[in-house]
Amino acid sequence: MASVETTRSGGDTGLPDLVLRGMTLGYLGWMVVLPIIALGFQSLVAGPQAFLDAVLDPQAVHALKLTVVTALVMVVINVVMGTATAWVLVRYEFPGKKVMNALIDLPFAVPTVVTGLMLVLLYGPSSVLGTILGTYGFSVIYSQPGIVLALLFVSYPFVIRSVQPVLLELDRAEEEAAATMGASGWLTFWRVTLPTLAPAIFTGAALSFGRALGEFGSVILVAGNQPMKTKTTPLYVFGEIESGNKQGAMAVSLVLLALSLGVLISLNLYQRRWSLEDGK
Amino acid sequence: MKTRVQGLAFFFLALGVGLVAGCGGSSGPDASGDVIKLGAYSVVREAFHDALIPAFQEHWKQKTGRVVRFEESYNASGAQARAIASGFDADVAILSHTGDMNQLVEAKRVSPDWAKNPTGGIVTHSVVVIGHREGNPKAIADWSDLAKPGVGVLYPDPKTSGGARWNINAIYGSAYLASKAAGGGTPDLAAVADLLKRVQANVVNMDASGRQSMSSFSERGIGDAVVTYENEILLRKREGKPIEYVVPEATLLIESPAAVVDSSVEKHKNREVATEFLAFLTSVEGQKILASYGFRPVDQTSPLLPEFPKPAKLFTMADLGGWDEVQTAVYGPKGLWTSIFSDQGK
């Protein structure tokens, strides 16, 4: 996810270049920026008090907490398992590796509502697995673990696909040098490999976190949708729209949007700092 | 390579032109007959699509010699009301409850006098019931049984489902009226809220719509009890998938309205056929068809119509103060149902 450098110098300004540039900028503005401005304007137009009341509603606050906490739990698991998976894919040769590599992108292709349905079928209270888990007092579907499972599924490829290319291009000379100097495998990984992978891991983590904040299709099927228990912010926003509370829906949407933007901006800042430190 | 890209571009262009032309063709003016755009809530789909509309088409043909074609849209009641209020030009609106119809009056789509007819604007009746598992293993007979420990309850989310509002209003109303009678006119609202809270604590999953709730219960085997409309259960029976159910002694009469959407029929110049369709819904023929799909006839006294057993303490929304009052008292920012969540600290 390193930023793509421009291949043409800025001084090259023929008319076609200007038109092309203007067109793509305009397209970005129209497709992405304009809807965001519309939401921002509409949600603030009722005044700061109405905005605060909507955002500080106990159900809205709980929904936001739940959304962030489930997303964070997912990110931690994704970082560990995603890095390990990328490692296995790059450093080992084994039968079935090609199939495994292809399967990793599958979650992107599955419609999220299908994801939800699959999870309900597998872990639902009336499924075999759900019944077994139930006898030990675990419930997955219609409780918070179900939300984390759905988020893990839909964000599965992010960390792997961020780390994999960096790991592929990694210069192994440093690792070998560390090994020659007597460092153990773990120490080499911890001190030499991981710092190089850190920006890529961070990128994957941030992308999956951002993705999880807005996840709706799969979560609505597995969460159970209960206020103050399992209703995440996207579900809350949907409910408020459906029950005619437009102000509440817009205000909470704006908070969610600000959170996603915050993640994106901090990702960009981090990447810039890292590339500066690296002397690139 | 270049020619392939061009070829592909040409293909998509042709496809686009074809689609646009196709759309134009189907929505063009139909000189041969009348058209009614129907904006209905999802629960009536089977009854309308499979039986009522064909019967009315026959009726209209015999009466006028003209053909009437229907463009049908079915959606959750609240979503349908919002669509019509913000511009969907349905000629006839069939909604779950009067609260949704009031939205259309506010948006100036439907005349404020819409309910001034012999049935008060209502076209179907039903009652709120509790579906349970075979043999009733959890011994569910009344609303309070839904609050017993270990009973998994299903009803949809009242934020998204008009059906859920009927369901929760039934639980609320039975407790409210009982407490009002016991307290000599002043109900103990804390006790009412307590029942709602204990039932809600047993809710396993809140689906977006009543239909989804029913399929969670019957197809996915979730929960021990589902709060739903009687007609939803009778429809399942008709389709050969019966669900056992109980009608609580005190339950709520579901009254679903229909109205002609003035702004649409003026635009389409089809008020005559739309009005006739509305009248057909409450005619003996229309009510018989609806009854065969599980809806209770609006006129319970007519000897021509099938009889449904009447619950001992049947009450209506009017007994609870009407839709507007209940919407505020139960679902408003300080409403009873809202408060059972804001009291929960976490």
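Residues numbered from 1 in each chain as written. Chains lettered and ligands numbered in written order. Predicted model: local features only at pLDDT ≥ 70, side-chain atom pairs only at ≥ 80, totals over all residues. Heavy atoms only, no water.

Enquirer: It is not clear to me how the packing of helix α3 (residues 58–91) of chain A against helix α13 (residues 233–242) of chain A should be interpreted in this structure. Could you clarify?
Expert: For any two helices packed against each other, the geometry comes down to the angle between their axes and how far apart the axes lie. All names here are of chain A. With their axes 8 Å apart at the nearest point, α3 and α13 run at an angle of 150° to one another. Together, Gln59, Ala60, Ala63, Leu64 and Thr67 of α3 and Thr233, Pro234 and Tyr236 of α13 make up the contact between the two elements. Considered class by class, the residues forming the contact of α3 with α13 number five nonpolar, three polar and no charged. (Axes fitted to C-alpha atoms, helices over the stretch in contact; angles between N-to-C directions. Helix = DSSP H or I, 4+ residues; strand = E, 2+ residues; numbered from the N terminus. Contact = heavy atoms within 4.5 Å. Nonpolar A, V, L, I, M, F, W, Y, C, P; charged D, E, K, R; others polar.)

Enquirer: Is there a simple way to think about helix α11 (residues 185–213) of chain A in this case?
Expert: In an α-helix, one turn spans 3.6 residues; hence positions three or four apart end up facing the same way. In a regular helix each residue adds 1.5 Å, so 29 residues correspond to 42 Å; α11 of chain A covers only 36 Å between its end C-alpha atoms and thus falls short of that length. A bend of about 55° at leucine 194 of chain A is the largest found in α11 of chain A, and the proline proline 195 of chain A appears one to four places after it. (Expected span 1.5 Å × (residues − 1). Bend = angle between axes of the 7 residues up to and from the residue.)

Enquirer: Hey, could you run me through helix α2 (residues 48–55) of chain A in this one?
Expert: Residues and elements named next belong to chain A. Taken as a whole, α2 has its buried residues at Phe51, Ala54 and Val55. Looking down the long axis of α2, one finds its buried residues gathered within 95° of arc, a one-sided arrangement. Residues of α2 that are buried sit in contact with α1 (15–44), α3 and α14 (246–277). (Buried < 20%, exposed > 50% of the residue type's maximum accessible area, 1.4 Å probe, protein only. Arc of directions from axis to C-beta.)

Enquirer: Help me out: how do you make sense of the side chain of asparagine 202 of chain B in this one?
Expert: Mapped onto the elements, asparagine 202 of chain B comes out in helix α6 (residues 189–202). When sequence neighbours within four positions are dropped, the list of residues in contact with asparagine 202 of chain B reads Leu146, Ala147, Lys148, Val151, Gly152 and Val153 of chain B.

Enquirer: When you look at a nonpolar patch on the surface in this model, what are you seeing that I'm missing?
Expert: A cluster of nonpolar side chains, namely Leu25, Tyr27, Leu28, Trp30, Met31, Val32, Val33, Leu34, Ile36 and Ile37 of chain A, defines an oily patch on the protein surface of about 990 Å² accessible area. Structurally, the position occupied by leucine 25 of chain A is in helix α1. (Patch = residues over 30% accessible without salt bridge, like charges linked within 9 Å, V, L, I, M, F, W, Y side chains within 5 Å. Areas by Shrake-Rupley, 256 points an atom, 1.4 Å probe, with all protein chains shown as cover. Salt bridge = Lys/Arg side-chain N within 4 Å of Asp/Glu carboxyl O.)

Enquirer: How should I be thinking about the interface of chain B and chain A in this particular structure?
Expert: Size of an interface, as often reported, equals the accessible area lost when the parts are brought together. Counting from both sides, the interface comprises 21 residues of chain B and, opposite them, 23 residues of chain A. Between chain B and chain A, a total of about 2,000 Å² is buried, with carbon and sulfur atoms accounting for 49% of that surface. Inspection of the chain B/chain A interface yields three salt bridges. Of the charged contacts in the structure, one is a salt bridge between aspartate 157 of chain B and lysine 231 of chain A, with a shortest N-O distance of 2.8 Å. Summed over the shared surface of chain B and chain A, the result is 12 residue pairs in polar contact (both at pLDDT 80 or more). (Buried area = accessible area lost by both parts, 1.4 Å probe. Polar contact = N/O pair within 3.5 Å; in protein donor to acceptor, adjacent residues only side chain to side chain.)

Enquirer: Before we go on, may I ask you to explain the nonpolar core in this structure?
Expert: In a soluble, globular protein the nonpolar side chains are often hidden away together inside. Formed by 76 residues in total, the largest nonpolar core has its most connected members in Phe48, Ile94, Leu146, Tyr155, Phe277 and Trp337 of chain B. Counting residues per element, this core draws most heavily on helix α2 (residues 45–64) of chain B, at eight residues. Residues lining this core come from more than one domain, with at least three contributed by each of domain 1 (31–124 + 255–292) and domain 2 (125–253 + 309–342) of chain B. Residues contacting tyrosine 155 of chain B, with those up to four places away along its chain left out, are Asn167, Ile168, Ile171, Val199, Gln200, Val203, Asn205, Met206, Asp207, Ser213, Val227 and Trp337 of chain B. Ranked by size, the runner-up nonpolar core spans 37 residues in total, among them Val148, Ala205, Phe209 and Ala212 of chain A. (Core = buried A, V, L, I, M, F, W, Y, C linked by side-chain atoms within 4.5 Å. Domains from an automatic or database assignment.)

Enquirer: How should I be thinking about the domain arrangement of chain B in this particular structure?
Expert: Residue and element names in this part refer to chain B. Its domain assignment divides chain B into domain 1 (31–124 + 255–292) and domain 2 (125–253 + 309–342). In this structure, domain 1 and domain 2 have C-alpha centres spaced 27 Å apart. Taken residue by residue, the interface counts 14 residues in domain 1 and 19 residues in domain 2. Overall, the association of domain 1 and domain 2 removes approximately 1,200 Å² of surface from exposure, summing both partners, and the carbon and sulfur fraction of that is 51%. Contact with domain 2 buries area across many residues of domain 1, yet Val43, His97 and Glu255 alone supply 44% of it, more than any other trio. Counting the contacts that link domain 1 with domain 2 gives one salt bridge. A salt bridge links arginine 211 to glutamate 46, with the shortest nitrogen-to-oxygen separation between them at 3.2 Å. Of all elements in the fold, only α4 (98–106) and β4 (122–132) reach the threshold of two or more residues within the side of domain 1 that touches domain 2. Among the elements that take part in the side of domain 1 that touches domain 2, α4 stands out by supplying three residues, more than any other. In the side of domain 1 that touches domain 2, the residues fall into four nonpolar, eight polar and two charged.

Enquirer: Help me understand the environment of alanine 79 of chain B in this model?
Expert: Residue and element names in this part refer to chain B. Among the secondary structure elements, alanine 79 is positioned in helix α3 (residues 77–85). Alanine 79 sits in the buried class, given a relative accessible area of 16%. A C-alpha to C-alpha distance of 8.9 Å links alanine 79 and serine 161, two positions 82 residues apart in sequence.

Enquirer: Hey, could you run me through the side chain of glutamine 80 of chain B in this one?
Expert: Residues and elements named next belong to chain B. For glutamine 80, the location among the structural elements is in helix α3. Engagement of the side chain of glutamine 80 in a polar contact is seen with the side chain of serine 73, the distance being 3.1 Å. If we ignore the near neighbours within four places in the chain, the residues touching glutamine 80 are Gly39, Ala40, Ser73, Tyr74, Asn75, Phe88 and Leu95.

Enquirer: What exactly am I supposed to notice about the pairing of β4 of chain B here?
Expert: The two faces of a sheet get side chains in turn, since along a regular strand they alternate between them. Residue and element names in this part refer to chain B. Buried residues dominate β4, accounting for 11 of its 11 residues. One ladder, built from five bridges, connects β4 with strand β9 (residues 250–260); its direction is antiparallel. From the neighbouring strand, threonine 124 faces β9, where its bridge partner is serine 256. The pairing of β4 with strand β7 (residues 225–229) spans five bridges and is antiparallel. Bridging from a neighbouring strand, glycine 131 pairs with valine 226 of β7. Examined bridge by bridge, β4 and strand β8 (residues 244–246) share three bridges and lie antiparallel to one another. When the sheet's bridge partners are listed, histidine 132 is paired in β8 with glutamate 244. (Pairing = 2+ DSSP bridges.)

Enquirer: Before we go on, may I ask you to explain unusual backbone geometry in this structure?
Expert: With glycine set apart, most residues show a phi of negative sign, and most peptide bonds adopt trans. Positive phi, normally seen in glycine, also occurs at methionine 228 of chain A, with a value near 65°. Turning to its location among the elements, methionine 228 of chain A is positioned in the loop between α12 (217–222) and α13. By relative accessible area, methionine 228 of chain A is classed as buried at 8%. Positive phi values are uncommon outside glycine, yet alanine 139 of chain B reaches one of about 50°.

Enquirer: Looking at this structure, how should I read the pattern of salt bridges?
Expert: Pairing between side chains becomes possible if they bear opposite charge and their charged atoms approach one another. All names here are of chain B. One pass over the full model with this rule turns up 26 salt bridges over all chains. Put simply, lysine 148 and aspartate 145 hold a salt bridge, and the shortest N to O gap is 3.9 Å. Accessibility expressed as a relative area gives 29% for lysine 148, which makes it partly exposed. In this structure, the salt-bridge partner of glutamate 249 is lysine 313, at a minimum N-O distance of 3.7 Å.

Enquirer: How do you make sense of the packing of α2 of chain A against α14 of chain A when you look at a structure like this?
Expert: Residue and element names in this part refer to chain A. Two elements in contact, α2 and α14, have axes separated by 8 Å at closest approach and are oriented at 80°. Viewed along their axes, α2 and α14 adopt a mutual orientation that is roughly perpendicular. Two secondary-structure elements touch here, α2 through Ala50, Phe51, Ala54 and Val55 and α14 through Gln247, Gly248, Ala251, Val252, Leu254 and Val255. A breakdown of the residues in the contact of α2 with α14 according to their chemical character gives eight nonpolar, two polar and no charged. (Parallel < 35°, antiparallel > 145°, perpendicular 65-115°, else oblique.)

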